[in-house]
Amino acid sequence: MATTATTGRPDERRGWWARLCDQVLGRETQVAVVDAPDTSVSFAELVWAHYQRQQEVYAGETDGRWEQIYRERLTRFKREHGDIRKDYWCRYQASGVALTARRRPRQPRTLWRHDEILRLHSVTDWRTAAMPEITTALHRWQTLAIKASEILRDSTEHIVLEQIFEGMTRLLAAADQPEATTPSDLATDESHPSGQQDLSAVLTPDKEHLQQVQNHYARAGENSARIVYFKGMIIGAGLCGIAIAFAVLILSGVHAWHPHRAATQELFASVAMGAAGAIVSVMGRMASPNGFNLDFEVGRKSVRRLGSLRPWIGATFALAIYLALKSSLLQVGQVKQPDIYFYPTIAFLAGFSERRAKVLLEGVSGDLGAGGTEPTHLSSAPKPQ
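One structure accompanies this document, and this report is about it. (Residues numbered from 1 in each chain as written. Predicted model: local features only at pLDDT ≥ 70, side-chain atom pairs only at ≥ 80, totals over all residues. Heavy atoms only, no water.)

1. Quick notes on the sheet that holds strand 4 (residues 96–103)
Formally: By the convention used here, strands pair only if DSSP detects at least 2 bridges between them. Secondary structure elements are defined from DSSP: runs of H or I of at least 4 residues count as helices, runs of E of at least 2 residues count as strands, and each element is numbered from the N terminus. Lines fitted to the C-alpha atoms define the axes, with helices restricted to the stretch that makes contact. Angles between their N-to-C directions range from 0 to 180 degrees. Whether two residues are in contact is decided by their heavy atoms: any pair within 4.5 Å suffices.
Spatially, 3 strands are ordered 3-4-5 in an open sheet, and the strand pairing comes out antiparallel. Strands with a single pairing partner mark the edges of an open sheet, and in this sheet they are strand 3 (83–89) and strand 5 (116–123). Averaged over all adjacent pairs, the angle separating strand axes in this sheet is 10°, with direction ignored. Taken together, the 6 bridges between strand 3 and strand 4 define a ladder with antiparallel strand orientation. Paired with Trp89 across the strands is Gly96, a residue of strand 4. Packed onto the sheet, helix 3 (residues 65–81) meets strand 3, strand 4 and strand 5 and runs at close to 130° relative to strand 3.

2. Regarding the pattern of salt bridges
Stated formally: Every case where a carboxyl oxygen of Asp or Glu lies within 4 Å of a side-chain nitrogen of Lys or Arg is listed as a salt bridge.
Applying the stated criterion across every chain, the model contains 9 salt bridges. A salt bridge links Arg119 to Glu150, with the shortest nitrogen-to-oxygen separation between them at 4.0 Å. On the criterion of sequence distance, the pair formed by Arg119 in strand 5 and Glu150 in helix 5 (residues 132–151) is long-range, its members being 31 residues apart. Look at the salt bridges and you will find they share partners, linking Arg53, Glu67 and Arg71 into a network.

3. Quick word on the packing of aromatic side chains
Using the following cut-off: Each pair of aromatic rings taken from Phe, Tyr and Trp, with Trp reduced to its six-membered ring, is defined by centres within 6.5 Å and is described as stacked if the planes are under 30 degrees apart, edge-to-face if over 60, and tilted in the remaining cases. To sort residues, take the accessible area from a 1.4 Å probe on protein chains only and compare it with the maximum for the residue type: under 20% means buried, over 50% means exposed, and anything in between is partly exposed.
The full count for this structure, using the stated rule, is 8 aromatic pairs. Taking 6.1 Å as the distance between ring centres and 20° as the angle between the ring planes, the aromatic pair formed by Phe348 and Phe352 counts as stacked. Of this pair, Phe348 and Phe352 both sit in helix 11 (residues 342–352), 4 residues apart, roughly one helical turn. Residue classification places Phe348 among the partly exposed positions, given a relative accessible area of 24%. By relative accessible area, which is 37% here, Phe352 ends up partly exposed.

Structure, rendered in C-alpha cells:
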C-alpha cells in the first residue's frame, strides 16, 4: 500500500484523474496530511494591531514592536483580500472599517471581463459595546453590505458599498469619543440633558440615509436580476438550439425523418418558435415597471438557471400544442390545409402566452377524461350553416 505525505488538503496535491485511476485499478492510497500553520489574518487581528501601533505612535515611539506586527498582518491581509480602497480607524478603541477590492481569478468563460471582489470588513463592537443604539444601527449597515456583495456587481456594487462605508464611518466617528464623554454617558447623565438630543441627532439622519441606500439597493438588485435572467434565457435558447440540431442529425441518420420533409420542418420550426415566443414574452414584461417580478435575493446563479429554463418551457408547450393539432385533438377553425407557416405561428403564440397554452391543454385533457369526441376549438369562428 502506497503512502504519500502531503501538506494541506489531499485534493490540492492529487488530481481527480489520479484518484479515478486509483479507484479503477483498486489501489489503496493513504494520504497522510500534515497541517501547515495558518498564516491568514482576520480583520479583527489587523484592527487590534493597528490600535496597538497607534498607541505607540501617540506615546512617541514611531518604530515600536507593534509597527512591525501591524505591517506583517497588513501584508498578509492584503494578499488574501486585495487592496484596501478605504479605511477608517477609531482613535480611542480598537475598532475600524475597511473596503477591499481584489481581482477575480480569470476563468475560461470570463477572459474578457475584469471583475473585482469587493468586501466590506468591520470590527466595531469594541468601540460600541456600551452604546446599543449605535451597535444596532451598525449591524443594519453590515447586513446590507452582505446583501450588496452577494447580489450586485460592477458599478452598482461600488456605489452601494461606498454609501454603506460612509454611513458606518459616520456612526463610528460619533461614537469614537473619550470614555468620559460618550453619547451614552451623556444621555444617562442628568447634568447633560442634551446628551439624548445629541444621540438622536446622529441616529435620525442615519435611518434616513439607510432607507435611501436600501431603496437604491432594491432598484439595482431588480435591474441586475433582469439582466442575469435575460442572460440565462440566451443560454437556455442556445442549449435548446443545440438539442434541436442534434435531434435533426440523429433522426436524419437513422432515416426516420428527412430534414426536407414538411412534417420534420413543421415540428422543429414549431419547437424553435415556441422557445422564441417565451423569450419575447419575458422581454415584453420586463419593459413594464411592474410586469416582471423576481426575487433577486435568491442569488445570481438561481436567477440565471430560472432564466435558462424559460425557452425550454416555451418549446415544451409548443411541442404539446403541435402534437395536439396533428392528432386532431384540437381543431384549427376554418383552416383546411395547415402548412409550414401555420404551425410555427401557433407555437410562437403558445410560447408567448403559456397561460393560454395551459387552457388549451386542460381542455384537451378534460375531453379525453370525459371520453367525449368533441375537440377543442382554437378560434370562435361561426360554424357553417
